[in-house]
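One letter stands for each residue in the lines below.
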Amino acid sequence: MIRTHVFFAAAIALGVTASSSRAAAQRRGAPVAPVEAMATKTTQELTLAIGENRTISAADVKNYSEGTPGIVDVKLTSDQSQFVVVGLKPGSTSLLLLRRTGGEVLWNISVFAKAPELVESELHQLLDGYTGLRVRRIGPRFFIEGGVNTEGDVARIKQIAALYPGQVESLVALGSGGSDRKTNIRLDFFFVQYSKTSGYNVGVSYPTRIGGEVIQSNFGYDFIAEATTASTNVVNQPLPGLDLASRSGWAKVAKQAAVITTNGTEASYENGGEQNYSVANGLTATIQRIKFGTALTVLPRFDPVTKDLEIKVDADISDLVPPVRTTPLPGRQTSHLVTIVRMKLGQSLVLSGIHTKSDRRSTQGLPFLSELPIIGGLFGTHSKDDEEIDGAIFIVPSVVEAPSRTAVELVRNAWDQYAAFDGKVNEVETFERTPRDSTETGTVPDGSKKPTP
């Protein structure tokens, strides 16, 4: 139902004035503009909360019409100079004002449970602690954008949006999500490990079995090469041997990986290799592949306003180690890390640290006799292995600014280094190995000055 109110006296006065003006213009010989050309139409927006009052000027208004009834209550003041609009229930409606001069003003009115300013303030409080989320306002509605790292965070943000039906909508996604991707983030990973090993084998090595077959003969024929192979081995021989060996050494491993990605975008990096070994199994042979190297997956979220940085890291670092005595295949020493860390720009963090120390002792030889003190070495072999490892993984984040050098200059410098390389790796600078200190004086992504230490 549409309500229409007409001010009759004003309409009569308007008609008299318009006729007089048109007649005067005709007497002066001036052209008269048509009524359609004089009419203008404008659109205005009005947002209300339930119970909130707003006023709209009623000057020069002869008629008005309300759209959907029940959303707002429109009243005219006693002096007919103002409309008082009161929000009644959530929804949308319109108010059309017809002016005496022929113009129209259309007010699009939206009524919400809470005022948009209050909703925006509450959203910032509820989302405090999340890095990489953004509240975008379009008209009276709010949209939460960005990405989070867990399903629980996605569900919680949807619950927050459900507190404001019709006003707030969650567009948050798991993992990489829409955020401020104008910023490039550089993440430097430093892996340092120290190890020290020592051990010895002293004594007389006795055979574990005496008797039975002493000489073994193996015969084989290769149908492809049409060749015959034969071998003879002496086994289960009763003569003992002297076992006397000592070993010690140390090793240090240092690795650095630099990954650059846009804010809120996941990046993966792999660097390493694969060692192939032939393993004989009877008349057949297979290839055993052992992978080693560094594999990184990072997802940074940076807030340029608060300078907070949240990083999801999945790091897998492995190296080949010498084989043990019982197999010709080498071993693989690994460090695997999956974590989510939060820090301020300019800070560094130790993602993981490890310190292990092992001491192994073993005895092999004749039963009971090899375990006797002092003289036990005459009846068996005594072994001792000591190993100590200390290492850590560091992360240093920084914001990458656009370099001042041109692409041609960068390529030319790279080729110059390539041509001058003579085996000295320390003199090669394929990238800036030392990450830039974010606390140095300069500019940050939001255009402000960095603090000077």
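Residues numbered from 1 in each chain as written. Predicted model: local features only at pLDDT ≥ 70, side-chain atom pairs only at ≥ 80, totals over all residues. Heavy atoms only, no water.

(A) Representation of the nonpolar core within the structure. The biggest cluster of nonpolar side chains holds 23 residues, and the ones touching the most others in it are Leu187, Phe189, Val298, Ile311, Val313, Leu351 and Ile395. Listed by contribution, the elements that provide at least two residues to this core are strand E14 (184-205), strand E17 (241-262), strand E19 (284-303), strand E20 (308-321), strand E21 (331-344) and strand E23 (380-400). Counting residues per element, this core draws most heavily on E20, at 5 residues. The residues contacting Val313, other than those within four sequence positions of it, are Phe189, Thr297, Val298, Leu337, Val338, Thr339, Leu351 and Ile395. Leu46, Trp107, Ile109 and Val111 belong to the second-largest nonpolar core, a separate cluster that totals 17 residues. (Core = buried A, V, L, I, M, F, W, Y, C linked by side-chain atoms within 4.5 Å. Buried < 20%, exposed > 50% of the residue type's maximum accessible area, 1.4 Å probe, protein only. Helix = DSSP H or I, 4+ residues; strand = E, 2+ residues; numbered from the N terminus. Contact = heavy atoms within 4.5 Å.)

(B) Main features of the sheet that holds strand E10 (residues 141-145). Here 3 strands make up an open sheet; going across it, the order is E9-E10-E12 and the pairing mixed. Only two strands of the sheet have a single partner each, and these edge strands are strand E9 (134-138) and strand E12 (168-170). This sheet shows a mean twist of 25° between the axes of neighbouring strands, independent of strand direction. Taken together, the 3 bridges between E10 and E12 define a ladder with parallel strand orientation. Counted as the bridge partner of Phe143 is Glu169 from E12. On top of the sheet, helix H4 (residues 151-162) reaches E10 and E12; it is set at about 165° to E12, its chief contact. (Pairing = 2+ DSSP bridges. Axes fitted to C-alpha atoms, helices over the stretch in contact; angles between N-to-C directions.)

(C) Expanded view of the packing of aromatic side chains. Applying the stated criterion across every chain yields a total of 2 aromatic pairs. A ring pair is formed by Tyr64 and Phe83, whose centres lie 4.8 Å apart and whose planes are at 70°; its orientation type is edge-to-face. Placement of the pair is Tyr64 in strand E4 (residues 61-66) and Phe83 in strand E6 (residues 82-87), with a sequence separation of 19 residues. By relative accessible area, Tyr64 is classed as buried at 6%. Note on Trp415 and Tyr418: the rings are 5.5 Å apart at their centroids and 90° apart in plane angle, and the pair reads as edge-to-face. Separated by 3 residues within a single helix, Trp415 and Tyr418 lie in helix H5 (residues 407-420), roughly one turn from each other. The same class applies to Trp415 as to Tyr418, namely exposed. (Phe/Tyr/Trp six-rings, centres within 6.5 Å; stacked < 30°, edge-to-face > 60°.)

(D) The confidence of the model for the protein chain, seen in detail. Taken over all residues, the pLDDT of the protein chain has a mean of 77, while the share at 70 or more is 81%. At the level of individual helices and strands, the protein chain shows its lowest average pLDDT in helix H1 (residues 8-28), which scores 39, and its highest in E6, which scores 93. Across residues 1-38, confidence stays below pLDDT 50; counting only partners more than four residues off in sequence or on other chains, it has 30 contacts. A low-confidence stretch, residues 439-453 stays under pLDDT 50, and its non-local contacts, those more than four residues away or across chains, total 28 contacts. (pLDDT = per-residue confidence, 0-100.)

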